[in-house]
Amino acid sequence: MSTSNSDQAALKTALIIIDPQNDYLPGGKYPLWNMDQSIQQIKLAMNRALEKNMTIYFVQHVAPVDAPFFQEGSEGVKVIAELQEHAPEAKVVVKHYADSFEQTELDQLLKADGIESIVLCGMMTQNCITHTALSKTAENYQLSILSDACTTVDEMVHNIALSALSVRCTFALTQHL
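This section reports on the structure supplied with the text. Given the structure is predicted, the values throughout are model-derived calculations rather than measurements.

All right, on to the side chain of T174 then. Relative to the helices and strands, T174 resides in the segment after β6 (170-172). Among the polar contacts listed, one links the side chain of T174 to the side chain of D148, at a separation of 2.7 Å. The contacts of T174, once residues within four sequence positions are left out, are Q41, L44, A45, R48, L146, D148 and A149.

Now the structure itself:
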């Protein structure tokens, strides 16, 4: 049985979901704008990735216990259960900086999995999505951002961040993943 070019491309593509954590939910320590819609779009992206046998990664920001949110060991630092249950085999990469590559094992895991293209989504558009997309390490990959599966503190900040990224990044809608 032969593998089509699109199947081979999917196998070399990873979906990276940045900071989908409880503190960003309503009732969390730093709730974000449009979280319900963003979670639905992330789940749709995960469905499409799973259908194509793409590798899925969660990136989890862990902060010191005296930080305002994402405190190590807290409920808020945990990956949203609804998403983790949707892809229980997804790899979790812990980070301590806005850039998902900075002092993490993400690049090594991507290389070990033969990944050439990465698709980013998650939280927060102007911070961790932007810093990861513009990371020096990200230049080693074909990169796109699912603009409808990202969120931040409000719609204006989200749109400003996407506009700023548009000169350096490719965007896609989740339905086209």
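Having seen the model, we can carry on.
With that settled, consider the packing of helix α5 (residues 125-133) against helix α6 (residues 155-165). For the pair α5 and α6, the least separation of the axes is 9 Å and the interaxial angle reads 20°. Between α5 and α6, the crossing angle belongs to the class labelled roughly parallel. As α5 packs across α6, the resulting crossing turns out to be right-handed. Side by side, α5 and α6 meet where T125, Q126, T130 and A133 of the first sit next to V157, H158, A161, L162 and L165 of the second.

So, about the layout of surface pockets. Estimated volume of the largest pocket: approximately 330 Å³. Surrounding the largest pocket, 17 residues form its lining, T13, S117, V119, S144 and L177 being those nearest its centre. Elements represented by at least two residues in the lining of the largest pocket include exactly α1 (5-11), β4 (117-123), β5 (142-151) and β6. Ranked by residues supplied to the lining of the largest pocket, first place goes to α1 with four residues.

A few words on the sheet that holds β4. Taking strand neighbours across the sheet as the criterion, the six strands line up as β3-β2-β1-β4-β5-β6 in an open arrangement whose pairing is parallel. Whereas interior strands pair on both sides, the edge strands pair on one side only; in this sheet they are β3 (91-95) and β6. Sheet twist, expressed as the average angle between the axes of neighbouring strands with direction ignored, equals 30°. Relative to strand β2 (residues 55-61), strand β1 (residues 13-18) runs parallel, the two being bridged by five bridges. By the bridge assignment for β2, L15 is matched with I56. In the packing of α5 onto the sheet, contacts are made with β1, β3, β4 and β5, and the angle to β4 comes to roughly 165°. Relative to β5, α6 is tilted by about 165°, and along the sheet it contacts β5 and β6.

How each quantity is defined
Residues numbered from 1 in each chain as written. Predicted model: local features only at pLDDT ≥ 70, side-chain atom pairs only at ≥ 80, totals over all residues. Heavy atoms only, no water. Helix = DSSP H or I, 4+ residues; strand = E, 2+ residues; numbered from the N terminus. Polar contact = N/O pair within 3.5 Å; in protein donor to acceptor, adjacent residues only side chain to side chain. Contact = heavy atoms within 4.5 Å. Axes fitted to C-alpha atoms, helices over the stretch in contact; angles between N-to-C directions. Parallel < 35°, antiparallel > 145°, perpendicular 65-115°, else oblique. Left-handed = near helix turned anticlockwise from the far one by under 90°. 1 Å grid on protein atoms, 1.4 Å probe; cavity = no way out; pocket = protein on both sides within 12 Å on 5 of 7 lines; lining within 4 Å. Points joined across faces, edges and corners; volume = space filled by probe spheres on them. Pairing = 2+ DSSP bridges.

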